[in-house]
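What follows is the residue order along each chain.
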Amino acid sequence: MTHADFVPPALFVRPDGLRLAYRQWSGMWPTIVFLPGYMSDMEGGKAVALDAWAVRNGRAMLRLDYAGCGASEGRFVDGTLASWRDDVLLLIDALVEGPVVLVGSSMGGWLALLVALARPDRVAGLVGIAAAPDFTDWGFTDADKALLMTEGRIEEPTPYGDQPYVTTLGFWESGQALRLLDGPIAIDCPVRLLQGQRDDDVPWETALRTAGLVRSSDVQTLLVKDGDHRLSRDCDIALLIRTVASLLDSL
């Protein structure tokens, strides 16, 4: 952790007045934009490590917290996949000049795909870490879906933190409306997908399915045989940095 991490993040005011937290460094383009996973934030180990690498190497970088997450204002339960996608688009459009390379973890990988579809002229590359497109579809049992319909939310324990894992009906419906794995994904930039094969949350076959549907011919899937969902070990983070560095060098 560097001195800069003890400085409060900057705040960007959305049109509705809610303030979104972010950390940004200037440097060489493309700007790396890190998109956290569900119930995560920009202070996670992968985001901080990639940020430190970017600073050391003079690379432009943007980290951010979606509304209701981390240091951003708002309530987590009010967020949807669409609203968090729009938070990312808002910050990229307002804060970043030139092309971007999106790095998305888990749900952030789904958001990265959606952002790339929305801004094909801005997104020069994409890296997914256990990317989880369509997890509202394959990640919920029929019983889960029935409970969502009747109760409006599901709360489950999670090994990743003290707070229960909350899914609202609004988020689930938003995810279902933004599914990508039913047909071709019209993304033409280079794509790199890192996926652990001991991932208990995202089946590793999802990475292969995503790779097959992305329209770009420059797609690589890297399977980590003993990797879990978080891919946060030192060796995993080193792989992430090598992957991002190699992608940037190829652009």
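Here the structure is a predicted model, which is why all the values come from computation and not from measurement. (Residues numbered from 1 in each chain as written. Predicted model: local features only at pLDDT ≥ 70, side-chain atom pairs only at ≥ 80, totals over all residues. Heavy atoms only, no water.)

Along its length, the chain carries eight helices and ten strands. A globule of 251 residues ought to have a C-alpha radius of gyration of about 18 Å, and the chain, at 17 Å, matches this closely. Reported as C-alpha extents along the three principal axes, the dimensions of the chain are approximately 50 × 40 × 35 Å. Residues counted as buried form 53% of the 251 residues belonging to the chain. (Helix = DSSP H or I, 4+ residues; strand = E, 2+ residues; numbered from the N terminus. Rg over C-alpha atoms; globule rule 2.2 N^0.38 Å. Buried < 20%, exposed > 50% of the residue type's maximum accessible area, 1.4 Å probe, protein only.)

What follows concerns the nonpolar core. Residues Leu64, Tyr66, Trp84, Leu102 and Met107 are the most contacted members of the largest nonpolar core, which totals 51 residues. Among the elements that line this core, the one with the most residues is helix α3 (residues 107-118), at eight residues. Those residues in contact with Leu102 that sit more than four places away from it in its chain are Val33, Ile92, Ala112, Val115, Ala116, Val123, Gly125, Leu126 and Val127. (Core = buried A, V, L, I, M, F, W, Y, C linked by side-chain atoms within 4.5 Å. Contact = heavy atoms within 4.5 Å.)

Take the environment of Val127 next. Here Val127 is to be found in strand β6 (residues 123-129). Residue Val127 is classed as buried on the basis of its relative accessible area, which comes to 0%. Put simply, Val127 and Leu113 are 14 residues apart on the chain and 9.5 Å apart in space, counted from C-alpha to C-alpha. Leaving out residues up to four positions away in the same chain, Val127 has contacts with Leu102, Val103, Gly104, Arg192, Leu240, Thr243, Val244 and Leu247.

Bringing the packing of helix α2 (residues 81-95) against α3 into the picture now. One can describe the packing of α2 onto α3 by two numbers: an axis separation of 10 Å at closest approach and a directional angle of 60 degrees. Relative to α3, α2 is oriented oblique. As for the relative orientation of α2 and α3, their crossing is right-handed in sense. For the pair α2 and α3, the contacting residues are Leu81, Trp84, Arg85, Val88, Leu89 and Ile92 in the first and Met107, Trp110, Leu111, Leu114, Val115 and Ala118 in the second. Grouping the constituent residues of the contact of α2 with α3 by class yields eleven nonpolar, no polar and one charged. (Axes fitted to C-alpha atoms, helices over the stretch in contact; angles between N-to-C directions. Parallel < 35°, antiparallel > 145°, perpendicular 65-115°, else oblique. Left-handed = near helix turned anticlockwise from the far one by under 90°. Nonpolar A, V, L, I, M, F, W, Y, C, P; charged D, E, K, R; others polar.)

Right, let's talk about the sheet that holds strand β2 (residues 19-25) for a bit. If you trace the eight strands from one edge of the open sheet to the other, you get β1-β2-β4-β3-β5-β6-β9-β10, paired in mixed fashion. With one partner strand each, in any of the chains shown, β1 (10-13) and β10 (219-224) form the two edges of the open sheet. Along the sheet, successive strands turn relative to each other by an average axial angle of 20 degrees, direction set aside. As defined by bridge partners, strand β9 (residues 191-196) adjoins β10 across six bridges and the pair is classed as parallel. Within β10, the position partnered with Leu193 by the bridge is Thr221. Strands β3 (28-35), β4 (59-64), β5 (100-105), β6, β9 and β10 of the sheet are contacted by helix α8 (residues 234-250), whose axis makes an angle of about 165 degrees with β6. (Pairing = 2+ DSSP bridges.)

Here the focus is the environment of Pro36. Residue position: Pro36 is located in the loop between β3 and α1 (45-56). As a C-alpha pair, Pro36 and Ala10 span 26 residues in sequence and 17 Å in three-dimensional space. Those residues in contact with Pro36 that sit more than four places away from it in its chain are Asp41, Met42, Leu64, Tyr66, Ser105, Met107 and Gly108.

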